[in-house]
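# Inside the fold
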Amino acid sequence: MCGICGFFDPDASGGARVLEAMVATLAHRGPDDRGTEFDGPAHLGHTRLSIIDLSAAGHQPMSLPDGSLRLSYNGEIYNFQELRAELEALGHAFRGHSDTEVVLHAFAEWGEDCFARLNGMFAMALYEPATRVLRLVRDPLGIKPLHYWTDGTRLVFGSEIKALLAHPAVPNRLHPPALHEYLYFGNAMQEETFFEGIHRVMPGTLVRFGPGGLEPKRYWDLASFAPPEGDVDALAHGVRERLDAAVRRHLVADVPVGVFLSGGVDSSAIATLASRHVDGLRTYTAAFEQGADVDERPRARRLAESLGTDHRELFVRTGNVLSVIETLVRAHDEPFADAANIPLYLLCGALRDEGIKVVLQGDGGDEIFAGYRRYNVLAHAGLWRAVAPLARRVLALAPERPQVHRLLRFLRAAGERDPALRMAYLLTLESPDLPPTRVFTEEARALLRPSDPFRAYRRADAELPPGDPVDRMLATDCRILLPDTFLTKVDRPTMAQSVEVRVPFLDRELVEYAAPIPARHKVRRLEKKYLLRRALRGLVPDEILDGQKHGLDVPYERWLRGDLREPLREVLLEPGGGLGDLLDRAAAEKTIAEHAAGERDHGFLLYKLLNLGLWQRAYRPTI
């Protein structure tokens, strides 16, 4: 895994110095090597974490021998060996055995059609000197990040926003619509970022930049794949075969590969299948040293013993948790409120100290196979729309308690008739009846008011065909939640520790087979992941398949009543603290006091505000 950056500027002066500064910001993504390449207006930079072909033959940026193509690439192509054999049969000769070189020759042979043939996670910049066209390309599901800024004449790009901000042309200005989304969902969404003018390359998209200007183009669309035929047993068999093949592909590396084993269905399936292909497989389970309600180590330990893996249990010692959160704010370059990035960051630090560079993780299984409660809710959407209004009226008479407020928020979402808003409300811990903007000053609210925090869900609803609400929710989660929240959570904290995380459940061949399978095979009554559990029955122990779903519990709500309470007050309320000029002091103090007393659970809102304030203090964007 690596970091990429660069720019296209016909009139660049001091380009080498600027590019070196950009490359330096990405040293954590590639501590093993770095390189720069200049060709007319194109400046390409690279930092390398050596995983495949550890020799100098894998150095980047890389070019074809005749100089007709130049590439800076971040990622892994899991089918590169098959593609290489096909290209060799067509007459292509290779100098090394890296997947980077395969990408170059694939484009030389098939042009832009090659990207749909790549099974992997990647973000790349490919420059063609003859046409003076720079292409930015991101993998189909958005596993790897890629950002860009352009003023029409120049284009600046990078794996992370910090690389773009190192270029003197890129402004540091707050983008209010991203802030509005963040207050509801905990991160910016889709192509938007917290910085005005800095955009994400969307998943499955290539962006051309050259004489014709800027031209985005989708090269892969999940909606274009038809569901496979067969009864549920045949589908389960197909899933099991493809998941096994995906895990086998994701184990290819020239360095040791480990597996995160949480004791849940997805990670247990990956560990079980990986243990069939690797002797002495290393598995890792994490738990907080104190403060969490759930400890999955016993269940994971029993599975590891049955598989015969080299199993390690790692305690996540938060120590000064505020310092960890500040580090992660800089890792993300944006406020980001999924606190699962904390254990991932600390755990990968421990793995790095053990010499592990690559680890497999179970992300993606819930979005492909329906692993969340909301899918069961939407399977009975009509019933919920009928009963929710009455239930809300009855609950409104109940005493004020956090549990009552949570249930009212759920009923508000489940009873919503607008399908776009129903999806959005099911994905936020905030309520339009008590908007998170309530803690801001009137001037700050006026800044946010023109934007729609639910625009991503409205767009998904408009673009998806009519159909089963569960199928539409699954497709929407693959478009929004997966790349913008969960895969961002996977990439930034792990790459900050120079560790590559791979996600076999998002193997392209598995996704193209399993995602189009109708929801009726994935959700049965109150059972989630019905098809996946059926596929894994007899392979993964029933104790795990039939057990309750747990994640690694991050007790940030408790921290905000304890160790983080005073730092929270300082960031939110003190002049120069970060948010002192944006917040309504009385409303913020009331929110903090209610949470501290246990009267209302404002944990997610306060955690978002803490991250926002720390980001504002670190980056000082113009507002």
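The following paragraphs examine the structure supplied in this document. (Residues numbered from 1 in each chain as written. Predicted model: local features only at pLDDT ≥ 70, side-chain atom pairs only at ≥ 80, totals over all residues. Heavy atoms only, no water.)

### Regarding helix α1 (residues 15-24)
Within α1 the residues assigned to the buried category are Gly15, Val18, Leu19, Met22 and Val23. Seen end-on, α1 carries its buried residues on one side only, within an arc spanning 135°. Buried-residue contacts for α1 involve β1 (2-8), β2 (33-39), β3 (42-48), β9 (155-158) and α4 (161-165). (Buried < 20%, exposed > 50% of the residue type's maximum accessible area, 1.4 Å probe, protein only. Helix = DSSP H or I, 4+ residues; strand = E, 2+ residues; numbered from the N terminus. Arc of directions from axis to C-beta. Contact = heavy atoms within 4.5 Å.)

### A closer look at the packing of aromatic side chains
Inspection of every chain in the model, using the stated rule, returns 20 aromatic pairs. Ring geometry for Phe115 against Tyr219: centres 6.0 Å apart, planes inclined by 55°, an arrangement best described as tilted. Residue Phe115 is located in the loop between α3 (99-110) and β6 (120-128), and its partner Tyr219 is located in the loop between β12 (213-218) and α6 (232-250); the two are separated by 104 residues in the primary sequence. Tyr219 carries the same exposure label as Phe115, and that label is buried. Ring geometry for Tyr184 against Phe454: centres 4.9 Å apart, planes inclined by 65°, an arrangement best described as edge-to-face. Here Tyr184 is found in helix α5 (residues 176-185), whereas its partner Phe454 is found in the loop between α16 (442-448) and α17 (455-463), with 270 residues between them in sequence. Phe454 sits in the buried class, given a relative accessible area of 7%. An aromatic cluster of three or more residues is present, and its members are Tyr182, Phe194, Phe195, Trp615 and Tyr619. One Lys or Arg, Arg242, reaches over the ring of Tyr513 and ends 3.8 Å from the middle of that ring. Arg374 extends its terminal NZ or CZ atom over the ring of Tyr375, reaching a point 5.3 Å from the ring centre. (Phe/Tyr/Trp six-rings, centres within 6.5 Å; stacked < 30°, edge-to-face > 60°. Lys NZ or Arg CZ within 6 Å of the ring centre and 35° of its normal.)

### Digging into the sheet that holds strand β11 (residues 205-210)
A sheet is described by the order of its strands in space; here six strands give the open sequence β4-β5-β6-β7-β11-β12, paired in antiparallel fashion. Each of the sheet's edge strands pairs with one partner strand only, and the pair in question is β4 (62-63) and β12. Pairing geometry for strand β5 (residues 70-77) and β6, over eight bridges, is antiparallel. The residue bridging Glu76 from the neighbouring strand is Met121, located in β6. Across the sheet, α3 touches β4, β5, β6 and β7 (133-138), and the angle it forms with β5 is around 120°. (Pairing = 2+ DSSP bridges. Axes fitted to C-alpha atoms, helices over the stretch in contact; angles between N-to-C directions.)

### Observations regarding the side chain of Asp244
As for its position among the elements, Asp244 is in helix α6. What makes Asp244 buried here is its relative accessible area of 18%.

### A word on the layout of surface pockets
Taken as a whole, the second largest pocket encloses approximately 910 Å³ of empty space. Taken together, 44 residues form the lining of the second largest pocket, with Asp221, Ala223, Leu464, Ala475 and Arg479 sitting closest to its centre. Every element with two or more residues in the lining of the second largest pocket is listed here: β10 (198-200), β11, β12, α11 (365-369), α17 and α18 (469-479). Broken down by element, the residue count for the lining of the second largest pocket peaks at six residues, all from α18. Residue composition of the lining of the second largest pocket, grouped by class: 27 nonpolar, four polar and 13 charged. (1 Å grid on protein atoms, 1.4 Å probe; cavity = no way out; pocket = protein on both sides within 12 Å on 5 of 7 lines; lining within 4 Å. Points joined across faces, edges and corners; volume = space filled by probe spheres on them. Nonpolar A, V, L, I, M, F, W, Y, C, P; charged D, E, K, R; others polar.)

### Focus on unusual backbone geometry
A negative phi holds for most residues other than glycine; trans holds for most peptide bonds. Going from Gln60 to Pro61, the amide bond is cis rather than trans, its omega being -5°. Within the fold, Pro61 resides in the loop between β3 and β4.

### Notes on the packing of α17 against α18
α18 packs onto α17 with a crossing angle of 130° between their chain directions and a minimal axis gap of 10 Å. The orientation of α17 with respect to α18, classified from their angle, is oblique. Regarding α17 and α18, the two cross each other, and that crossing is right-handed. Facing α17, whose interface residues are Tyr457, Ala460, Asp461 and Glu463, α18 presents Arg472, Thr476 and Arg479. For the contact of α17 with α18, the per-class residue count stands at two nonpolar, one polar and four charged. (Parallel < 35°, antiparallel > 145°, perpendicular 65-115°, else oblique. Left-handed = near helix turned anticlockwise from the far one by under 90°.)

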